[in-house]
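# Structural characterization, general
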Amino acid sequence: MGRVVMRYPGAPGTVAQAAWEAEVPLRGDESGLAALVGAGGVCVLSGAGISTDSGIPDYRGPSSAARRHAPMTYDAFVADPDARHRYWARSHVGWPQIERARPNEAHGAVAALQRTGLVTDVITQNVDGLHQAAGARDVVELHGALARVVCLACAVTHDRAEIQDRLAVVNRDFDAEVSALRSTQVNPDGDAELPPGLVERFTMIACPACGEGPLKPDVVFFGESVPRPRVATCFERVARARALLVLGSSLAVMSGLRFARAAARAGTPVAIVTTGPSRGDDLATVRLVSPLGEALPGLVRALRA
């Protein structure tokens with residue numbers, strides 16, 4: 001295969017560019033990716049990088065730089081009422097941006113490849129629901145979905161829109177103060193950066209079903225285990241795939257990396273397309289450094305030609 005096309009996101013010809021490119025192996029090119037996907041039987045594993053063009057920042061890429069707070073952990077959410085209150089205040093503010101987000105060209109390309117039968121399965125580490133909104137079917141949401149809320153007391157699941165409406169009723173003054181802010185930075189897990197004093201004026205609600213709680217978004221927090229049946233389903237889909245295509249994920253955490261490792265152990269080709277280094281780079285048969293909004297529509301066009 002030829003050399004991969006490197007697309008450094010900063011100013012060209014700098015020392016920073018050379019150092020950045022040195023972190024990423026040169027392996028394959030766009031024609032190699034097209035040959036791999038064109039053979040069919042592809043399982044897609046997507047990460048936060050596929051949703052950045054939809055206005056949702058990622059965890060470790062350039063769009064995450066403005067984040068001031070560490071992501072919520074499961075232990076803190078469950079054990080610390082103050083941490084839980086802060087999370088819900090910020091999530092209440094951040095949710096509308098997540099809800100308004102629309103699929104971008106990369107999501108559309110994955111759905112198109114699935115419709116042609118070349119992509120057989122889609123696993124996403126994202127919690128934004130954008131693959132489904134683009135038309136992808138039977139998507140495994142490895143880390144859950146922000147559009148659902150579960151009560152930790154009675155286990156009843158609620159639609160996030162219903163919870164958001166109830167929160168709006170009891171937080172009119174809080175929402176008015178938020179509206180007066182110049183801007184709010186929304187993080188990939190849907191929570192917004194807010195001044196501590198404003199967080200204290202937020203009011204949380206009880207579970208509409210049992211009157212207790214606490215309520216938790218139906219997502220896997222940092223430090224929380226993905227449900228075993230869901231993990232087993234993902235391993236099954238990777239095992240039956242002819243190739244694994246990793247999109248927009250640094251594979252920095254084991255939650256996603258384990259599937260790339262399983263594919264490599266089985267001799268299944270692994271292709272990785274991201275805009276920066278990946279922890280699975282040594283596993284990749286094809287490794288492209290490219291914005292997904294360019295690479296995936298281009299891949300669809302190449303396969304239609």
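Here the residue numbering is sequential within each chain, running from 1 through the sequence in written order. Side-chain atom pairs in this predicted model are given and counted only at pLDDT of 80 or more, local residue features only at pLDDT of at least 70, and totals for whole chains, interfaces and linings cover all residues. For the side-chain quantities, the full set of heavy atoms in the structure was used; hydrogens and water were omitted.

In the nomenclature of an unreviewed UniProt entry, the protein chain corresponds to NAD-dependent protein deacetylase from the organism Actinomycetospora endophytica. UniProt positions are given in the numbering used here, feature names are shortened, and annotations may be inferred rather than shown by experiment. Word for word, the UniProt comment on the protein chain under Subcellular location (unreviewed entry) is "Cytoplasm". For the record of the protein chain, the UniProt heading Sequence similarities (unreviewed entry) holds the text "Belongs to the sirtuin family. Class II subfamily."

### With respect to unusual backbone geometry
Looking along the chain, the bond that leaves Gly213 and enters Pro214 is cis, with omega of 10°. Secondary structure elements follow DSSP: runs of H or I of four or more residues count as helices, runs of E of two or more count as strands, with numbering from the N terminus. Inspection of the secondary structure assignment puts Pro214 in the loop between α9 (196–199) and β6 (215–219). Even without glycine at this site, Asp138 takes up a positive phi of about 50°. Within the secondary structure, Asp138 is located in the loop between α6 (130–133) and β3 (140–141). Positive phi is not limited to glycine here, since Ala155 has a value of about 70°. Within the element layout of this structure, Ala155 appears in the loop between β4 (144–151) and β5 (157–159).

### Side note on the pattern of salt bridges
In a structure, side chains of opposite charge can pair up when their charged atoms sit close to one another. Salt bridge, as applied in this entry: a Lys or Arg side-chain nitrogen positioned within 4 Å of an Asp or Glu carboxyl oxygen. Enumeration over the complete set of coordinates arrives at nine salt bridges. A salt bridge links Asp121 to Arg240; the nearest nitrogen and oxygen atoms lie 2.7 Å apart. In this pair, Asp121 is assigned in strand β2 (residues 119–124) and Arg240 in helix α10 (residues 228–240), connecting sequence segments 119 residues apart. For Asp121, a relative accessible area of 2% translates into the label buried. Only protein chains enter the accessibility calculation, which uses a 1.4 Å probe. A residue is then buried if its area is under 20% of the maximum for its type, exposed if over 50%, and partly exposed in between. Judged by its relative accessible area of 56%, Arg240 falls in the exposed class. Residues Glu162 and Arg166 are paired through a salt bridge, measuring 3.4 Å at the closest nitrogen-oxygen approach.

### Structural notes on the sheet that holds strand β9 (residues 286–289)
Strand pairing in a sheet takes place through backbone hydrogen bonds and is either antiparallel or parallel in direction. Strand pairing is defined by DSSP finding a minimum of two bridges between the two strands. Strand order in the open sheet made by the six strands is β3-β2-β1-β7-β8-β9, with parallel pairing throughout. Across the chains shown, the open sheet's two edge strands, defined by having one partner strand only, are β3 and β9. Pairing of strand β1 (residues 42–46) with strand β7 (residues 243–247), which is carried by five bridges, proceeds in the parallel orientation. Each bridged residue has a counterpart across the sheet, and for Cys43 the counterpart in β7 is Leu244.

### Some details on the environment of Gly280
Position of Gly280 among the secondary structure elements: in the loop between β8 (270–274) and β9. On the basis of relative accessibility, which here comes to 0%, the residue Gly280 falls in the buried class. Separated by 28 residues in sequence, Gly280 and Ala252 place their C-alpha atoms 8.3 Å apart. Ignoring any residue separated from it by four or fewer positions in sequence, one finds Gly280 in contact with Ser250, Leu251, Leu257 and Ile272. Here a residue-residue contact requires only that any non-hydrogen atoms of the pair lie within 4.5 Å.

### As for the pairing of β6
The element β6 is extensively covered by neighbouring structure, given that four of its five residues are classed as buried. Two strands pair when backbone bridges link them, and β4 and β6 are joined in this way by four bridges, in the antiparallel orientation. Along β6, the bridge assignment pairs Val149 with Pro217.

### A closer look at the side chain of Ser54
Structurally, the position occupied by Ser54 is in the loop between β1 and α3 (74–79). The class for Ser54 is buried, based on a relative accessible area of 15%. At 2.7 Å, the side chain of Ser54 and the backbone oxygen of Arg102 are in polar contact. Non-local contacts of Ser54, meaning those with residues more than four positions away in its chain, are made with Ala101, Arg102, Pro103, Asn104, His107 and Leu130. Identification of polar contacts relies on pairs of N or O atoms within 3.5 Å, with a donor-acceptor requirement for protein atoms, meaning one able to donate a hydrogen and the other able to accept it, and with residues adjacent in sequence counted only if both atoms are side-chain atoms.

### Focus on the sheet that holds β4
Taken in spatial order, the three strands of this open sheet run β5-β4-β6, and their pairing is antiparallel. One side of each edge strand has no neighbouring strand; the edge strands of this open sheet are β5 and β6. Neighbour-to-neighbour, the strand axes of the sheet open up by a mean angle of 45°, direction not taken into account. Inspection of the sheet shows β4 paired to β5 by three bridges, in the antiparallel sense. Looking at β5, one finds that Val149 is bridged to His158. All axes are obtained by fitting lines to C-alpha atoms, using only the stretch in contact for helices, and the reported angles, taken between N-to-C directions, cover 0 to 180 degrees.

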